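What the coordinates show
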Amino acid sequence: MSNHLESSATELTRRRAEGADALREQVKEGYTRVVASFDDTERANEAARRIGYDDEQLAAVPEGTNLGVGCGNPTAIDALHPGETVVDLGSGAGMDSFLAARQVGPTGRVIGVDMTPAMLEKARENARKTGVTNVEFREGHIEDLPLEDESVDVILSNCVINLSPDKESVYREAFRVLRPGGRIMVSDIVLEQELPAAVVASVDAYLGCVGGASLRETYLETIQKAGFAEIRVDRESSFLDAFALDDPMVQGIVEELGLSAEQVKEYAGSVTSLHIFARKA
Ligand SMILES: C[S@@+](CC[C@H](N)C(=O)[O-])C[C@H]1O[C@@H](n2cnc3c(N)ncnc32)[C@H](O)[C@@H]1O
């Protein structure tokens, strides 16, 4: 490579890294605001029922754990067994971590990983409220997990990976930390068609797990490229089924971009929530 081309490539890598860092900062700020402004458990529970949680599960977690920011119920994709080690990528206030902890029991453990200090604080406060001893929350990026190779049986994640500017690294890391035979159980948002640039550019859309999402084929290919086998979509639902259009988050996006009711229907209709299972062979 000529010196000129080499420096352009280095520059591009540097800009991409800066872009990824800036995006992560925006996401972090957004979720710090989500924790600080959360005040409607009933609305969050209604949203959770629509995406696959039942009343017994909602009653089992302390108030302030379900912040209404998931897009499925990854703990319902496959059974978790007593004694297993589970990692929850982007664990938020701990919703799926606490549900998983009940299933793996006292001989198992759950490690929630999140990059937003306010979320980690909330999750740890919730852990103290429940008195659970088999759950811990670690600060870290899902693109560079603070975990040993082949130390985990199951990776859970709920509406997080779509936010990452580097989904390939996320799935590569998931593969690295899983033991052979380990599973991933992920709820996430994908697109059936590209969204207009203005929607993608909207920070609010990003925080609503839409702006950063990839096309369905690209997303599933990323899982395959990381080395996973037995990839299957267990369940899927339209964003329109999962989220109420009068949700304040959706309303924020609509107002910011001045979208018409038809546009909202069209864009929301091209967003799908998938429940994905895959195995490290
Ligand atoms: C949509 S919320 C979902 C939280 C939780 N999974 C739930 O369903 O309640 C996204 C969470 O992922 C975290 N997050 C987003 N990108 C991340 C990254 N690259 N590394 C670690 N955490 C991330 C955010 O801080 C936030 O807590």
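Now for a look at the structure at hand. (Residues numbered from 1 in each chain as written. Predicted model: local features only at pLDDT ≥ 70, side-chain atom pairs only at ≥ 80, totals over all residues.)

**Observations concerning the site of the ligand**
In plain terms, the rule: Using a C-beta atom placed from the backbone, a residue is described as near a molecule or strand when that atom lies within 6 Å of it. Put simply, DSSP H or I for four residues or longer makes a helix, DSSP E for two residues or longer makes a strand, and each gets a number counted from the N terminus.
The immediate surroundings of the ligand are formed by 23 residues, with Gly70, Gly90, Gly92, Thr116 and Asn158 found nearest. Per-element accounting of the shell around the ligand gives the leading share, three residues, to helix α1 (residues 3-37).

**Focus on unusual backbone geometry**
Here is the rule we go by: Around each residue's C-beta, the other C-beta atoms within 10 Å are counted; 20 or more make the residue buried, 12 or fewer make it exposed, and counts in between make it partly exposed. All C-beta atoms are placed from the backbone.
Backbone geometry places Cys159, a non-glycine residue, at a positive phi of 65°. Its location among the elements puts Cys159 in the loop between β4 (152-158) and α6 (167-177). Given 23 C-beta atoms within 10 Å, Cys159 falls into the buried group. In this structure, Glu230 takes a positive phi of about 50° despite not being glycine.

**Focus: the pairing of strand β7 (residues 271-279)**
Put simply, the rule is: If DSSP finds at least two bridges between two strands, the strands pair.
Summarising the sheet, strand β5 (residues 178-191) and β7 pair through nine bridges and their orientation is antiparallel. The residue of β7 that forms the bridge with Ile184 is Ala278. Looking at chain direction, strand β6 (residues 229-238) and β7 are connected through seven bridges and run antiparallel. Bridging from a neighbouring strand, Glu236 pairs with Leu274 of β7.

**Focus: the nonpolar core**
If you look at soluble globular proteins, the nonpolar side chains tend to sit buried side by side. What counts here: We define a nonpolar core as a collection of buried residues of the types Ala, Val, Leu, Ile, Met, Phe, Trp, Tyr and Cys that are connected via C-beta atoms lying within 7 Å of each other.
Val86, Val87, Ala100, Ile155 and Ala174 are the most contacted members of the largest nonpolar core, which has 69 residues in total. The leading source of residues in this core is β5, at seven residues.

**Let's talk about the sheet that holds β5**
Heads up, the condition is: For helices, the fitted line uses only the C-alpha atoms of the stretch in contact; every axis is such a line through C-alpha atoms, and the angle between N-to-C directions lies from 0 to 180 degrees. By the criterion used throughout, residues are in contact when their C-beta atoms, derived from the backbone, lie within 7 Å.
Strand order in the open sheet formed by seven strands is β3-β2-β1-β4-β5-β7-β6, with mixed pairing between adjacent strands. Single-partner strands in this sheet number two, and they are β3 (135-139) and β6. Strand after strand, the sheet turns through a mean of 20° between neighbouring axes, direction not considered. Most of the contacts of helix α4 (residues 95-104) go to strand β2 (residues 109-114), to which it runs at about 165°, and overall it touches β1 (85-89), β2, β3 and β4.

**Some thoughts on helix α2 (residues 41-50)**
Heads up, the condition is: This arc describes the spread of directions from the helix axis toward the C-beta atoms.
Of the positions making up α2, those classed as buried are Ala44, Ala47 and Ala48. Here the buried residues of α2 occupy an arc of 100° about the axis, which is enough to place them on one side. Contacts made by the buried residues of α2 are with α3 (55-60). Residue Gly52 follows α2 closely and has a positive phi angle near 120°.

**What to know about the environment of Val152**
Within the secondary structure layout, Val152 lies in strand β4. C-beta crowding within 10 Å serves as the criterion here: with 24 such atoms nearby, Val152 is assigned to the buried category. For Val152 and Ala174, which are 22 residues apart along the polypeptide, the C-alpha to C-alpha distance reads 9.1 Å. The residues contacting Val152, other than those within four sequence positions of it, are Thr85, Val87, Leu147, Val177, Leu178, Arg179 and Gly182.

**Observations concerning the packing of α6 against helix α9 (residues 216-225)**
When two helices pack together, their arrangement is given by the angle between their axes and by how far apart the axes lie. To keep it simple, the criterion reads: When describing relative orientation, an angle under 35 degrees is termed roughly parallel and one over 145 degrees roughly antiparallel, while 65 to 115 degrees is termed roughly perpendicular and anything else oblique. In this scheme, a crossing is called left-handed if the near helix is turned counterclockwise away from the far one by less than a right angle; it is called right-handed if the turn is clockwise. Residue classes follow a fixed rule: Ala, Val, Leu, Ile, Met, Phe, Trp, Tyr, Cys and Pro count as nonpolar, while Asp, Glu, Lys and Arg count as charged, and any other residue, Gly among them, counts as polar.
Two numbers describe how α6 lies on α9: the axes approach to 8 Å, and their chain directions differ by 40°. With respect to α9, the element α6 is oriented oblique. Read as a crossing pair, α6 and α9 show a hand that is right-handed. The segment α6 lies against α9, with Lys167, Glu168 and Tyr171 engaging Thr222, Ile223 and Lys225. Classifying every residue of the contact of α6 with α9 gives two nonpolar, one polar and three charged.

**Considering the environment of Phe228**
Position of Phe228 among the secondary structure elements: in the loop between α9 and β6. Overall, Phe228 belongs to the buried group, with 23 C-beta atoms counted inside 10 Å. When the C-alpha positions of Phe228 and Ala281 are compared, they lie 6.9 Å apart, and in sequence the two are 53 residues distant. Residues contacting Phe228, with those up to four places away along its chain left out, are Phe175, Ile184, Ile223, Ala278, Arg279 and Lys280.

**Considering the environment of Thr107**
Looking at where Thr107 falls in the secondary structure, it is placed in the loop between α4 and β2. With 9 C-beta atoms counted inside 10 Å, the residue Thr107 sits in the exposed group. As for Thr107 and Pro82, which are separated by 25 residues in sequence, their C-alpha atoms are 6.6 Å apart. Setting aside residues no more than four positions away along its own chain, Thr107 makes contact with Pro82 and Gly83.

**Observations regarding the pairing of β3**
What counts is decided by this rule: By convention, a crossover is right-handed whenever its connection, traced from the first strand over the helix to the second and viewed with the strands pointing away, goes clockwise.
Examined bridge by bridge, β2 and β3 share five bridges and lie parallel to one another. The residue bridging Ile111 from the neighbouring strand is Glu136, located in β3. Between the parallel pair β2 and β3, the chain is carried across by helix α5 (residues 117-130), and the sense of this crossover is right-handed.

None of this, on its own, says anything about what the molecule does.
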